[in-house]
Every structure is written in structure tokens, then in C-alpha cells.
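Okay, here's what each chain looks like letter by letter:
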Number of protein chains: 2
Amino acid sequence: MLDFAILGILTDGPMHGYELKRVLADSEHGFWTVSFGSLYPALRRLEKQGFVSVGTGGGSRRKVYQLTPEGKAYFQEMLEEPGSTDEERAFTLKLAFFRYLDPDSRIGVLERRRAHLTSRLAESRKSMKDSANRTKRRMDDYTLALINRSMQSTEADIAWLDELIENERAARRPRKPRRARGTTPEPNEI
Amino acid sequence: MLDFAILGILTDGPMHGYELKRVLADSEHGFWTVSFGSLYPALRRLEKQGFVSVGTGGGSRRKVYQLTPEGKAYFQEMLEEPGSTDEERAFTLKLAFFRYLDPDSRIGVLERRRAHLTSRLAESRKSMKDSANRTKRRMDDYTLALINRSMQSTEADIAWLDELIENERAARRPRKPRRARGTTPEPNEI
DNA sequence: TAAAGCATGTAAGAGGTTACATGATTGG
DNA sequence: CCAATCATGTAACCTCTTACATGCTTTA
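Residues numbered from 1 in each chain as written. Chains lettered and ligands numbered in written order. Predicted model: local features only at pLDDT ≥ 70, side-chain atom pairs only at ≥ 80, totals over all residues. Heavy atoms only, no water.

Q: Help me out: how do you make sense of the protein's contact with DNA strand D in this one?
A: In the vicinity of DNA strand D, 20 residues are found, and the nearest of them are Arg61 of chain A together with Tyr18, Arg44, Arg62 and Lys63 of chain B. Close to the protein, within 4 Å, the atoms of DNA strand D belong to sugar or phosphate groups at a rate of 64%. The side chain of serine 35 of chain A places a nitrogen or oxygen atom 3.1 Å from a phosphate oxygen of DNA strand D. In the environment of DNA strand D, a phosphate oxygen lies 3.4 Å from a nitrogen or oxygen atom belonging to the backbone of glycine 17 of chain B. Elements with a contribution of two residues or more to the surface near DNA strand D: helix 3 (36–48) of chain A together with helix 2 (17–25), helix 3 (36–48) and strand 3 (63–67) of chain B. Among the residues forming the surface near DNA strand D, the class breakdown is eight nonpolar, seven polar and five charged. (Near = heavy atom within 4 Å. Polar contact = N/O pair within 3.5 Å; in protein donor to acceptor, adjacent residues only side chain to side chain. Helix = DSSP H or I, 4+ residues; strand = E, 2+ residues; numbered from the N terminus. Nonpolar A, V, L, I, M, F, W, Y, C, P; charged D, E, K, R; others polar.)

The following block contains the structure:
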């Protein structure tokens, strides 16, 4: 996960550790204030795996990390590969690096996310109905408020994803205005 | 965190490990599908600390865990104590167990959460302005969409908290209808 | 020249996960 | 009686955190 974020940031160009920490903490990557005890070992790991190469930054003490071709390939894999343990963070990061993903794959990522949220919503609804039926002990108001807010938020997320998906589709059929019903079809469509 | 959830669930009555796992996975506690490799060591830990006591559940193989007075006290502490590493989950759990928190402390918890979200929102806005000013490299549309959606969701959360806070306040002044402006004040208000 | 901030790192440990192992109990 | 599910546990590992240690570089 952290590896993914590091590789993504290094795609824009070489950078040293301290700077990476700062960039990660920017809103662009979801305020991930990672600690040095996490960052430096991660960089070492990536170096050992051959995904980044280190160079000294012009005589100073800074170590500048640069993406290798293998690192680039690995990053591309992670961009497309569905899922991980921390779905939320993984999706946030993917979206932050969406410009590096080829347009054909973008819709797939968005739709997998949409499916995930939809099924979560369905589970929520089901579990609320179940709990309403077995009247033994109904939820208290706080729990109810929590679940309702969570469902409301998920619904908004889905609507937001739909927008993104629609935008993406619109970009894939550039300025081909929809033909009115009944007009002559293109020859190859007959 | 897991300890907190376990103690909270056991407040309702004794339960054995396997059942705890199921209850945790319910929507009431935010779908926390915890693994056995995490749950059983946690129970052992709580037992060693004297927060739960084990008893065999009627000759069967099940181990039934029960809250001790120390466990109850510790749980109450965690309900009030502000913050932890994972703010989101901590707040969700606190709300799920809000009925066990004395009404006087509830508003405090809600307002701390509100303050936290408000400052997060302010940071977001600031970092967006900053990035708009240093025109060097403006954010791409995906990143922008992400941040906007996040801010929108946080705003909704704050509004939702305001509702909860208002409800809580209303409950603390029971059926004392608001006096119209200009009417005689209570003697002790002069 | 001292303080503030830059820069890299290590050690210990918290708190989870997956995968594995084992055996009891229940239902078709 | 066999499969599914109940029930408990261990071992190895992963990822990240906190706290500590060290020394360089800029600036007031």
C-alpha cells in the first residue's frame, strides 16, 4: 500500500525520502502522514526489489530515489489489479494516480468500486430488516443514526461514481453526437 | 480498539468467542470482520488484565467470557477518553455504545468529533487554495473530484453531528418550551 | 553560534492478517 | 455416517507506529 503510493509519486520524477513524506501528507493522497520508521524501510525494500534506484542528490547527504522500468511495470500492475486489504485507501490512491492508468482500464476500476459499495449497501439494508424482524432487542437510536448516516454516505458515493463513470464514457466517444432515432445508420452497422 | 469493542459487547451479557466474532461483523459495529487469530489472543489478553473472567458454558466446549467490575470501569474510561490512532473506528464504536455513556458526557464526545472534522475540512480548503496559487502544477481532474467528494462528505457528517448534538441538548432540557422573546424571565435569571 | 528545521535511520512493539491444525456437534 | 458448521487455538508474518539517536544545514 505504502509501496504503491511511493511508486506513484516517483512516477512524476525522482525525489528524496523527506520530501516524499511531505508529498504523501498533502491532500492529494488523502493526508497520509506516514512516519519515518515506515517510510525509510519501505524505500529500502523497494530498492532491494529493484523497483527504485538510489542516487546521491548532488553531493549533499540526500538520497534521491528514482523509478526503474521494473518499478514502473509493477506500479502499472497495482493500478489495475482489483482489491487489497484496505479497499478505501487503495481506491483513493488509485484515483489519485488515475492519469497514469490507460483510459480503457479506468472504467473497470470505477465499476468494481461501484459494485463493492452497492453490495455493502445491500448488506446494510438486509441486516437492518433482519434486526427489525427479530424484535427481541431493537437497535437503539444512536446505532440507528450511525447506520443511516453510513448508508446515506454510501449512496452519495455511488452517485458520485456514476458521474465519474459517465464522464469517462463521454471521453471515450469524442464529439460523436447521438444520432436521432430513425435516421440512416452507418453502413457498417447494418 | 478491538479490546474496546469486545468489552462493549460483553456489557450486554456474557458471550463466547465464536459468537463475539459474529456480533462484531453485524452492521451495529461497522462490519468489523475480525479474524480468530486476532480475537482469541485479545480475549486472553483481557483475561490476563482482569477485565473479563472465563467460565465454561454448561459443560460444553465453549468458553464464556464475562465482564468483571474492572472491565466495566476500563470500558467506561475508553468511552470518554478522547481519541486514539484510528479516529474513525473509535468514534463509530463509541456511538454504537453511546447508551452506556452517561448523558452528561455524550455532548462532549460529539463536539470533539465535530471539532476534529471541522479542522480537517479547513485543512482541505487551505491546501486546495495553496495548490491553486502555486500554479506550477495544478491538480488533475480526478484528484480534484476526490477532494471535492471528501469535503462534501465531511460537511454532511458535520451537519449530521449537529443534529445529534441538538437532539442531545433537547433531551437534557425536557419539555421546557422555549419562552417567546420579551416575556417575563424566571426570577433567577434576572 | 545557537536554534530551527532538514535528513536519515534503528529498535521495540502494537495490532492486525492468513494459513494451518484440531476436534466436537449437528443436520440431512 | 458424512458433510457442514461450530469452536478454539497457534505460528509466521505484515505493515505501520512511537520513541529514540544522530548529524547536517540554514538563518536570525
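From this point on, the discussion continues.
Q: Explain the packing of helix 2 of chain B against helix 3 of chain B to me, please; I cannot follow it from the model alone.
A: A pair of packed helices is characterised by two quantities: the angle between their axes and the separation of those axes. Residues and elements named next belong to chain B. Remark: helix 2 packs on helix 3, axes separated minimally by 10 Å, with the N-to-C direction vectors making an angle of 120°. Taken as axis vectors, helix 2 and helix 3 run oblique relative to one another. Between helix 2 and helix 3 the crossing geometry is right-handed. Between helix 2, through Gly17, Tyr18, Leu20 and Lys21, and helix 3, the contact on the second element is made entirely by Phe36, Leu39, Tyr40 and Leu43. (Axes fitted to C-alpha atoms, helices over the stretch in contact; angles between N-to-C directions. Parallel < 35°, antiparallel > 145°, perpendicular 65-115°, else oblique. Left-handed = near helix turned anticlockwise from the far one by under 90°. Contact = heavy atoms within 4.5 Å.)

Q: Where do I start with the domain arrangement of chain A in this structure?
A: By a widely used convention, the size of an interface equals the accessible area lost when the partners come together. Residues and elements named next belong to chain A. The assigned domain composition of chain A is domain 1 (2–90) and domain 2 (102–172). For domain 1 versus domain 2, the distance between C-alpha centres works out to 31 Å. The interface is formed by five residues belonging to domain 1 together with seven residues belonging to domain 2. Where domain 1 abuts domain 2, roughly 450 Å² becomes buried across the two surfaces, and 36% of that area is made up of carbon and sulfur atoms. Taken as a group, Glu80, Glu87 and Glu88 account for 75% of the area that domain 1 buries against domain 2, more than any other trio of residues on that side. Seen at the junction of domain 1 and domain 2, the total is three salt bridges. Residue glutamate 87 pairs with arginine 113 through a salt bridge whose shortest N-O separation is 3.2 Å. In terms of residue class, the side of domain 1 that touches domain 2 is built from two nonpolar, no polar and three charged. (Domains from an automatic or database assignment. Buried area = accessible area lost by both parts, 1.4 Å probe. Salt bridge = Lys/Arg side-chain N within 4 Å of Asp/Glu carboxyl O.)

Q: Before we go on, may I ask you to explain the sheet that holds strand 2 (residues 52–56) of chain B in this structure?
A: Note: strands within a sheet are paired through backbone hydrogen bonds, in either parallel or antiparallel orientation. Residue and element names in this part refer to chain B. Across the sheet, which stays open at both edges, the three strands sit in the order 1-3-2 with antiparallel pairing between neighbours. Only two strands of the sheet have a single neighbouring strand rather than two, namely strand 1 (15–16) and strand 2. Of the pairings in the sheet, the one linking strand 2 to strand 3 comprises five bridges and is antiparallel in character. Considered in strand 3, the bridge of valine 52 is made with leucine 67. (Pairing = 2+ DSSP bridges.)

Q: What's the story with the pattern of salt bridges in this structure? I'm lost.
A: Where side chains of opposite charge bring their charged atoms close, a pairing between them can arise. By the definition in use, this model includes 26 salt bridges over all chains. With a closest N to O distance of 2.0 Å, arginine 172 of chain A and aspartate 104 of chain A form a salt bridge. Of the two residues, arginine 172 of chain A is situated in helix 7 (residues 141–172) and aspartate 104 of chain A in helix 6 (residues 103–133); the sequence distance between them amounts to 68 residues. The shortest N-O distance in the salt bridge between glutamate 168 of chain B and arginine 106 of chain B comes to 3.3 Å. Separated by 62 residues along the polypeptide, glutamate 168 of chain B in helix 7 (residues 141–172) and arginine 106 of chain B in helix 6 (residues 103–133) bring together distant segments of the chain. Look at the salt bridges and you will find they share partners, linking Glu87, Glu88, Arg113 and Arg120 of chain A into a network.

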